[in-house]
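Residue strings, one per chain:
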Amino acid sequence: MITLEDARRIIAAAEKKAIEIGQPMNIAVADQGGNLVAHVRMDGAWLGSIDISIKKAYTSRAFDVATRDLATHSQSGGQFFGIHASNNGKIMIFAGGIPLTKNGKIVGAIGVSGGSGEQDHAVAEVGCGAY
């Protein structure tokens, strides 16, 4: 179970990495059911990325996969082509969503948006490391 305390620790670590790379981010943490536990929009982070970060966390938990990996398989001709149109538009296929695991079980996810895909994924990885 992802508690609010867990989510705050995950977000704080991710936020520190975002500051280090000089890129304001939106950072969301979802629980095992894909429900939002906490979200932070850093000063100067894009407004449009609020929704994207939350949906990246949801997507990562809904499919138990990093969103950058899902993106690879959802391109034209890929096995998951068109998946972004499922779940009433809640699916994000941009890098930055990563499942959170504990004792080998997926218990939630982090979603980060506001930079390049590589930046978003790197910040999310640091957040995962804080859990």
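Scroll up a little and you will see the structure.
Residues numbered from 1 in each chain as written. Predicted model: local features only at pLDDT ≥ 70, side-chain atom pairs only at ≥ 80, totals over all residues. Heavy atoms only, no water.

**Student:** In this structure, what is going on with the environment of T67? I would like to understand it.
**Tutor:** With respect to the secondary-structure elements, T67 resides in helix α3 (residues 67-73). For T67 and G111, which are 44 residues apart along the polypeptide, the C-alpha to C-alpha distance reads 8.9 Å. In contact with T67, not counting residues within four places along its chain, are K56, T59, S60, M92, I93, F94, A95, G96 and G97. A polar contact is formed between the side chain of T67 and the backbone oxygen of F94, at a distance of 2.6 Å. From its side chain, T67 meets the backbone nitrogen of G97 in a polar contact 2.8 Å long. (Helix = DSSP H or I, 4+ residues; strand = E, 2+ residues; numbered from the N terminus. Contact = heavy atoms within 4.5 Å. Polar contact = N/O pair within 3.5 Å; in protein donor to acceptor, adjacent residues only side chain to side chain.)

**Student:** Just to check I follow, could you spell out the packing of aromatic side chains for this structure?
**Tutor:** Centre-to-centre distance and the angle between the planes together describe a pair of aromatic rings. Applying the stated criterion across every chain yields a total of 0 aromatic pairs. Over the aromatic face of Y58 sits the side chain of K90, whose NZ or CZ is 3.8 Å from the ring centroid. (Phe/Tyr/Trp six-rings, centres within 6.5 Å; stacked < 30°, edge-to-face > 60°. Lys NZ or Arg CZ within 6 Å of the ring centre and 35° of its normal.)

**Student:** Can you help me understand helix α1 (residues 4-21) in this one?
**Tutor:** Given 3.6 residues per turn, any residue in an α-helix points the same way as the ones three and four places further on. Relative to the 26 Å expected for 18 residues at 1.5 Å per residue, α1 spans 26 Å between its end C-alpha atoms, a close match to the ideal helical length. Within the span of α1, buried status applies to D6, A7, I10, I11, A13, A14 and A18. What you see down the axis of α1 is that its buried residues fit within an arc of 160 degrees, all on one side. Pointing more than 90 degrees away from the buried face of α1 are the exposed residues E5, R8, K16, I19 and E20. Turning to α1, the residues buried within the fold contact β1 (26-30), β2 (36-41), β3 (97-102), β4 (105-113) and α4 (117-129). Following α1 by one or two positions, G22 adopts a phi angle in the positive range, close to 75 degrees. (Expected span 1.5 Å × (residues − 1). Buried < 20%, exposed > 50% of the residue type's maximum accessible area, 1.4 Å probe, protein only. Arc of directions from axis to C-beta.)

**Student:** Sorry if this is basic, but what is going on with the pattern of salt bridges here?
**Tutor:** When the charged atoms of two side chains lie near each other, side chains of opposite charge can form a pair. Per the counting criterion, the structure on display carries 5 salt bridges. Its salt-bridge partner being K55, residue D51 comes within 3.1 Å of it at the nearest N-O pair. Taken together, the residues span about one helical turn, with D51 and K55 both in helix α2 (residues 48-63) at a distance of 4 residues. Residue D51 is classed as partly exposed on the basis of its relative accessible area, which comes to 37%. Between K56 and D120 there is a salt bridge, with its nearest N and O atoms 2.9 Å apart. Of this pair, K56 sits in helix α2 while D120 sits in helix α4, and the two are 64 residues apart along the sequence. (Salt bridge = Lys/Arg side-chain N within 4 Å of Asp/Glu carboxyl O.)

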